Amino acid sequence: MFYSISQVAKKFNLTAYTLRYYDKLGLLPTVGKSSSGLRRFSENDLNCVAMIECLKETGLTLKEIRDYFVLAVKGDETIDMRMQMMINQKKRIEDEIKSLRRNLKKIEFKIKYYQTAKKVGEANVYSEYPQMLAEHDKLFK
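Residue positions are given per chain, counting from 1 as you read along its sequence in written order. The predicted origin of the model limits local features to residues at a pLDDT of at least 70 and limits the giving and counting of side-chain atom pairs to 80 or more, whereas totals for whole chains, interfaces and linings rest on all residues. Remark: hydrogens and water are excluded; side-chain values derive from all non-hydrogen atoms of the structure.

A few points about the pattern of salt bridges
Salt bridge, as used here: a side-chain nitrogen of Lys or Arg that lies within 4 Å of a carboxyl oxygen of Asp or Glu. If you walk through the whole model with that rule in mind, you get eight salt bridges. One salt bridge connects R39 with D23, and the closest N-O pair in it is separated by 2.8 Å. Remark: D23 occurs in helix α2 (residues 16-24) and R39 occurs in strand β2 (residues 39-40); sequence separation between them is 16 residues. Taking the relative accessible area as the measure of exposure, R39 reaches 21% and is therefore partly exposed. Counting from the N terminus, the helices are DSSP H or I runs at least four residues long and the strands are E runs at least two residues long. Residue burial is assigned from relative accessible area. The probe radius is 1.4 Å, only protein chains are included, and a residue is buried under 20% of its type maximum, exposed over 50%, and partly exposed in between.

Quick look at the structure:
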């Protein structure tokens, strides 16, 4: 069974333009064309689009995804290189998670600060709550 570009776009919540761009970049090398020149997507092509979207969600760039696909086509001899790409991406994601957690702590502090300010009736709460100043300094300096 084959799918039109609009069917694939709808299935993956993408635009036809995006799919054409992926094809132009060489990310969809097996997409065929009808006799009238329209793209025809197979189940294998749908799997490629799903993999592209998955890898994009992990933060890989389209260039990195293309590099990954080039390696995958070469077969088992590139397993180590593909694994290293995933290890590198895992490290980038872990670093991003650490950064997001630090930022979340700052936001949580600010919420606590404003809740305290509301209770006290003014924004300068550090004189009454010096422990909050220490907490602030720990988070923001």
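Some words on the packing of aromatic side chains
Two aromatic rings are characterised by how far apart their centres lie and by the angle between their planes. Within 6.5 Å between ring centres, the rings of Phe, Tyr and Trp (the latter by its six-membered ring) count as paired, and their orientation is classed by plane angle as stacked under 30 degrees, edge-to-face over 60, tilted in between. This model, assessed by the stated rule, comprises six aromatic pairs. Ring plane angle 50 degrees and centroid distance 6.1 Å describe the contact between Y68 and F69, whose orientation is recorded as tilted. Residue class for Y68 comes out buried when judged on its relative accessible area of 14%. Overall, the relative accessible area of 13% leaves F69 in the buried class. Plain terms: the ring middles of Y113 and Y126 are 5.4 Å apart, the flat faces sit at 45 degrees to each other, and that makes the pair tilted. A residue pair is termed long-range when its members are at least 10 positions apart, and Y113 in helix α5 (residues 79-120) and Y126 in the loop between α5 and α6 (130-140) qualify at 13 residues. With respect to class, Y113 is no different from Y126; both count as buried.

With respect to the environment of Y113
A relative accessible area of 10% means that Y113 is categorised as buried. Linking Y113 and Q84, residues 29 residues apart in sequence, is a C-alpha distance of 44 Å. We call two residues in contact when some of their heavy atoms are within 4.5 Å. Among residues more than four places away in sequence, those in contact with Y113 are A123, N124, V125, Y126 and M132.

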